[in-house]
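Residue strings, one per chain:
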Amino acid sequence: MSDCALCDAPGGRVVWRDDFCRVVLADEPDYPGFLRVILNRHVREMTDLVPADRSRLMMMVCKTEQVVR
Ligand SMILES: [Zn+2]
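The text that follows walks through the structure, step by step, so that each part is easy to find.

Cut-offs and rules
Residues numbered from 1 in each chain as written. Predicted model: local features only at pLDDT ≥ 70, side-chain atom pairs only at ≥ 80, totals over all residues. Heavy atoms only, no water. Helix = DSSP H or I, 4+ residues; strand = E, 2+ residues; numbered from the N terminus. Buried < 20%, exposed > 50% of the residue type's maximum accessible area, 1.4 Å probe, protein only. Contact = heavy atoms within 4.5 Å. Areas by Shrake-Rupley, 256 points an atom, 1.4 Å probe, with all protein chains shown as cover. Lys, Arg positive; Asp, Glu negative; His and termini not counted. Charge placed at Lys NZ, Arg CZ, Asp CG, Glu CD. Expected span 1.5 Å × (residues − 1). Arc of directions from axis to C-beta. Donors = N, O, S within 2.8 Å, 3.2 Å for Na, K, Ca; no water. Pairing = 2+ DSSP bridges.

**With respect to the overall build of the protein**
Thinking step 1. Per the secondary structure count, the protein includes 2 helices and 3 strands.
Thinking step 2. Secondary structure of the protein in N-to-C order comes out as α-β-β-β-α.
Thinking step 3. Based on the C-alpha atoms only, the size of the protein along its principal axes is roughly 30 × 30 × 20 Å.
Thinking step 4. Among the 69 residues that make up the protein, the fraction classed as buried is 20%.
Thinking step 5. Residue pairs at least 24 apart in sequence account for 22% of intrachain contacts in the protein once pairs closer than 6 positions are excluded.
Thinking step 6. When the accessible surface of the protein is summed, it comes to about 5,400 Å², and 55% of that surface belongs to carbon and sulfur atoms.
Thinking step 7. Taken as two groups, the 10 positive and 11 negative side-chain charges of the protein have centres that lie 6 Å from each other.

**Examining helix H2 (residues 51–68)**
Thinking step 1. Across its 18 residues, H2 extends 26 Å between first and last C-alpha, which sits within 8% of the 26 Å expected from 1.5 Å per residue.
Thinking step 2. Asp53, Leu57, Met60 and Thr64 are the residues of H2 that are buried. Along the axis of H2, the buried positions cluster into a sector of 55 degrees, meaning they face one direction only. Counted as exposed and oriented over 90 degrees from the buried face of H2: Pro51, Ala52 and Gln66.
Thinking step 3. Residues of H2 that are buried sit in contact with strand S1 (13–17), strand S2 (21–25) and strand S3 (35–39).

**A short note on the coordination of the zinc ion**
Thinking step 1. Taken together, the protein ligands of the zinc ion are Cys4 (SG), Cys7 (SG) and His42 (ND1), with distances of 1.8 to 2.2 Å.
Thinking step 2. Read in sequence order, the donor residues coordinating the zinc ion give the pattern C-x2-C-x34-H.

**Some remarks on the environment of Val24**
Thinking step 1. Structurally, Val24 is set in strand S2.
Thinking step 2. Taking relative accessible area as the criterion, Val24 reaches 0% and is therefore assigned buried.

**A look at the pairing of S2**
Thinking step 1. The buried fraction of S2 is high, at 4 of 5 residues.
Thinking step 2. For S1 and S2, the ladder comprises 4 bridges, and the chain directions are antiparallel. When the bridges of S2 are listed, Arg13 appears paired with Leu25.
Thinking step 3. The antiparallel pairing of S1 with S2 creates a hairpin that spans 3 residues between the two strands.

Next up, the structure:
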């Protein structure tokens, strides 16, 4: 158990996942269909990631956006 809401729970309905990150349908009543990309391991900030992992995560964000559009 940690103090991090995104590590303690899926954060929504998981629509996709791999060993690196997951994409969840966030439970945000004001934003129906809002997807969130969540890294599986805990890091505080994007800049705590090594550059290769930052790129991988941003790529996932863009791929997810592309699917939604
Ligand atoms: Zn966390």
